[in-house]
Amino acid sequence: MTIKLYTNQNNPATLKLIIANNFSSSKVKIDIEIVNLQDLKTCGAKHLPVLEINNEQSIFMSNAAACYFLPPSENNSFAINELLEWEATVLSPHLAYVFGCSIKNEKIKNTLLSALNKLNTTLENKYFLVGDTVTVADIVIWSSLYPLIKSTELSKEYLSVLTNISGWFLKLYDQGQFKDAVAEFRMETGQTSYNALFIGARYFTPASSGDTVIKEKESPQHHAEAVNSSEVLAAKKAWQKDFRTLPKPKGRTNVVLPGVGEKNVLITSALPYVNNVPHLGNIIGCVLSADVFARFSRLCNYNTLYISGTDEYGTATETKALEEGLSCQAICDKYFSIHNDIYKWFNISFDYFGRTSTPQQTELCQDLFLQLNNNGFMFTQSIEQLHCEQCDRYLADRFVEGGCPNVGCNYEDARGDQCDGCGKLVNAVELKNPRCKICSSKPKLRTSNQFFIDLPKLEPLLHHWMKISSPGGRITRKS
Ligand SMILES: [Zn+2]
Ligand SMILES: [Zn+2]
């Protein structure tokens, strides 16, 4: 394994990596190369230090690189990561701005002072920041403070009363791993060092200085939209409200029925097709967003019912069944249980997760269809559709493939609904040289009669129904 560390001179962030490696049980030899930021052509990222592993992987966030050598143990990882984030977003940028550049700003300086105060309080009666041994949190914070503490002048000004910090710093310094690192990477202290940090890291200006350093011209319209004082007061009041003063959420029941005089909320996420193993995109875009709303709704003590289920009818199922050589039923059974397990694993708080193929669901759908049909809300219309004689069936869009009809795209394997070559929608009957996905023979155009729901005719009825079933209620559609 070859480990290369590119750094500019005097950068305290580099110290983190060397110390962390010294603590690693599988300590490696680090080849340090002093470079300037402008020389950094090979590593991609314009940050220093950069750790390059085996000539292929490079880590340019110094805390991540330190964790590469000394990962936080599982039981302490939360506390350690919190400190690492604080070091990366508060401590380090403020040190770099206050001591490492020419921008002088009282607000940034004050934020740094309160950050140091906070650290001093955290270290009260403690040898280490987390647990009872050196962790990567001690290492990164120690390294960032090294140039400050080692500068007699700065240390006197900033740390003379913060004795917990100095005590902790000196105790760690006594350990060989810290001493060796300082001997290996010789650094100047004070402003020179923080200037190296400032140049290497390219920090954003700390937020606390936003109003003086970067000030955008405000348009008059901006002022009109600004929040007024009563809104600020209301927000402050809401913020200070303790959760303990809120009414206790009532427990969940197995069966959720609408309650009279209650706010009844029915939540259904989009029904996932039963033809895949759900990935994070499915979770985030579908069941999780509804889950968040369901949890919010329950916290408000609304009578909440969150249901979903696998969408099992349709060509998606048929295509997958053909692909896997299974019956549609077998495909649905297989993928329903995969979906069900995954959502359980993610702790999605469904009150009921079902399937569209249950007898109740089937009966309900057929009843809806018949009622619509018997009451004149359906009409038929003949449309042209591709038909495969060999297979003796009309081909749903996904069962036809052929040349993309979109101008400029010569993709040969476009599907009847979409072309993966250009990403555009396709009209199945417009495919060039269409072929049946099942038997590859050439389908022919035939007219067939299809049912359509007469939506304009149905609409006033829907509005009426919504009014009587839930006064003031509305159906909100997601996606
Ligand atoms: Zn195309
Ligand atoms: Zn065919």
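Residues numbered from 1 in each chain as written. Chains lettered and ligands numbered in written order. Predicted model: local features only at pLDDT ≥ 70, side-chain atom pairs only at ≥ 80, totals over all residues. Heavy atoms only, no water.

The next thing to look at is the overall build of the protein. In terms of regular secondary structure, the protein is built from 17 helices and 13 strands. Its C-alpha atoms give the protein a radius of gyration of 32 Å, clearly above 23 Å, the size a compact globule of 479 residues would have. Projected onto its principal axes, the C-alpha positions of the protein cover 90 × 60 × 50 Å. Classification of the 479 residues of the protein by burial places 37% in the buried group. The long-range fraction of contacts in the protein, counting pairs at least 24 apart against all pairs at least 6 apart in sequence, stands at 71%. As presented, the protein carries roughly 29,300 Å² of accessible surface, and 54% of it is formed by carbon and sulfur atoms. (Helix = DSSP H or I, 4+ residues; strand = E, 2+ residues; numbered from the N terminus. Rg over C-alpha atoms; globule rule 2.2 N^0.38 Å. Buried < 20%, exposed > 50% of the residue type's maximum accessible area, 1.4 Å probe, protein only. Contact = heavy atoms within 4.5 Å. Areas by Shrake-Rupley, 256 points an atom, 1.4 Å probe, with all protein chains shown as cover.)

Let's shift gears to the side chain of N303. Topologically, N303 is positioned in strand 6 (residues 303-310). In this structure, N303 is in contact with V256, L257, P258, G259, E262, K263, N264 and V265, ignoring residues within four places of it in sequence.

Attention shifts here to the coordination of the zinc ion (ligand 1). Within the first shell, the zinc ion (ligand 1) binds the protein through C404 (SG), C409 (SG), C419 (SG) and C422 (SG), at distances of 2.3 to 2.4 Å. Between the four donor atoms coordinating the zinc ion (ligand 1), the angles at the centre fall across 105 to 113°, so the site counts as tetrahedral. In primary-sequence terms, the residues that donate to the zinc ion (ligand 1) follow C-x4-C-x9-C-x2-C. The burial state of C404 is the same as that of C409; both residues are buried. (Donors = N, O, S within 2.8 Å, 3.2 Å for Na, K, Ca; no water. Tetrahedral: all angles 85-135°; square planar, octahedral: opposite > 155°, others 65-115°.)

Looking at the zinc ion (ligand 2), the protein donor atoms are C388 (SG), C391 (SG), C436 (SG) and C439 (SG), and they sit 2.2 to 2.3 Å from it. Coordination at the zinc ion (ligand 2) comes from four donor atoms whose angles at the metal span 102 to 116°, giving a geometry best classed as tetrahedral. Judged by its relative accessible area of 24%, C391 falls in the partly exposed class.

For any two helices packed against each other, one specifies the inter-axial angle together with the distance between the axes. Two elements in contact, helix 3 (residues 77-100) and helix 5 (residues 136-150), have axes whose closest approach is 9 Å; the angle formed by their N-to-C orientations is 10°. As the angle between them shows, helix 3 and helix 5 are arranged roughly parallel. Every residue of helix 5 that contacts helix 3 at I80, L83, L84, W86, E87, L91, S92, L95 and F99 is listed here: V136, A137, V140, I141, S144, L145 and L148. Among the residues forming the contact of helix 3 with helix 5, the class breakdown is 13 nonpolar, two polar and one charged. (Axes fitted to C-alpha atoms, helices over the stretch in contact; angles between N-to-C directions. Parallel < 35°, antiparallel > 145°, perpendicular 65-115°, else oblique. Nonpolar A, V, L, I, M, F, W, Y, C, P; charged D, E, K, R; others polar.)

Further remarks concern the sheet that holds strand 3 (residues 50-53). On the basis of which strands lie adjacent, the open sheet formed by four strands has the order 2-1-3-4 and mixed pairing. Looking at strand neighbours, the two that pair on one side only are strand 2 (30-34) and strand 4 (57-59), the edges of this open sheet. Shown here is a sheet whose adjacent strand axes are inclined to one another by a mean of 20°, direction ignored. Pairing analysis gives five bridges linking strand 1 (residues 3-7) to strand 2, with the strands arranged parallel. (Pairing = 2+ DSSP bridges.)

Our next topic: a nonpolar patch on the surface. Taken together, the side chains of L280, I284, L288, V292, W345 and F346 define a hydrophobic patch exposed on the protein surface, amounting to about 650 Å² of accessible area. Counting residues per element, the nonpolar patch draws most heavily on helix 13 (residues 280-299), which supplies four residues. By relative accessible area, which is 53% here, I284 ends up exposed. (Patch = residues over 30% accessible without salt bridge, like charges linked within 9 Å, V, L, I, M, F, W, Y side chains within 5 Å. Salt bridge = Lys/Arg side-chain N within 4 Å of Asp/Glu carboxyl O.)

Whether parallel or antiparallel, the strands of a sheet pair through hydrogen bonds between backbone atoms. An order of 9-8-13 is seen for the three strands of this open sheet, with the pairing classed as antiparallel. Pairing within the sheet leaves two strands with one partner each, and these edge strands are strand 9 (393-394) and strand 13 (444-453). Here two bridges tie strand 8 (residues 378-388) to strand 9, and the two strands are oriented antiparallel to one another. Following the sheet pairing, C388 is matched in strand 9 by R393.

Across the five residues of strand 1, four count as buried, placing the element largely inside the fold. Remark: the strand 1/helix 1 (residues 12-23)/strand 2 crossover connection has right-handed handedness. By the bridge criterion, four bridges tie strand 1 to strand 3 in an arrangement that is antiparallel. From the neighbouring strand, Y6 faces strand 3, where its bridge partner is V50. (Right-handed = clockwise from strand over helix to strand, strands pointing away.)

A separate point is unusual backbone geometry. Outside of glycine, negative phi angles account for most residues, and trans bonds account for most peptide bonds. The amide bond that connects L48 to the next residue, P49, takes the cis arrangement and shows omega of 0°. Looking at the secondary structure, you find P49 in the loop between strand 2 and strand 3. In this model, N54 sits at a positive phi of 50°, which is unusual for a non-glycine residue. For N54, the location among the structural elements is in the loop between strand 3 and strand 4.

In this section: the packing of aromatic side chains. One pass over the structure, following the stated rule, counts 22 aromatic pairs. When the ring of F23 is compared with that of F178, the centres are 5.6 Å apart and the planes differ by 70°; the resulting orientation is edge-to-face. Of this pair, F23 sits in helix 1 while F178 sits in helix 8 (residues 176-184), and the two are 155 residues apart along the sequence. As far as burial versus exposure is concerned, F23 and F178 are alike and both buried. Taking 5.4 Å as the distance between ring centres and 65° as the angle between the ring planes, the aromatic pair formed by W142 and Y173 counts as edge-to-face. (Phe/Tyr/Trp six-rings, centres within 6.5 Å; stacked < 30°, edge-to-face > 60°.)

Counting residues in hydrophobic clusters, the biggest one holds 65 residues, and the most contacted among them are L116, I141, W142, L145, L148, I165 and W168. Counting 18 residues, the second-largest nonpolar core is a separate cluster that includes I267, I283, I331 and F336. (Core = buried A, V, L, I, M, F, W, Y, C linked by side-chain atoms within 4.5 Å.)

Moving on: the UniProt feature "domain: GST C-terminal" (unreviewed entry) in the protein. With numbering aligned to this structure, UniProt lists the feature "domain: GST C-terminal" (unreviewed entry) at residues 73-191. End-to-end, the C-alpha atoms of residues 73-191 are 34 Å apart, and along that stretch the chain is 72% helix and 0% strand. (UniProt positions renumbered as here; feature names shortened; annotations may be inferred.)

The share of residues in the protein with pLDDT of 70 or more is 91%, and the mean pLDDT across the chain is 87. Note on residues 208-223: pLDDT under 50 across the span, and 14 contacts to partners over four residues away in sequence or across chains. Every residue in residues 471-475 scores below 50 in pLDDT, and together they form three contacts with partners more than four places removed in sequence or on other chains. (pLDDT = per-residue confidence, 0-100.)

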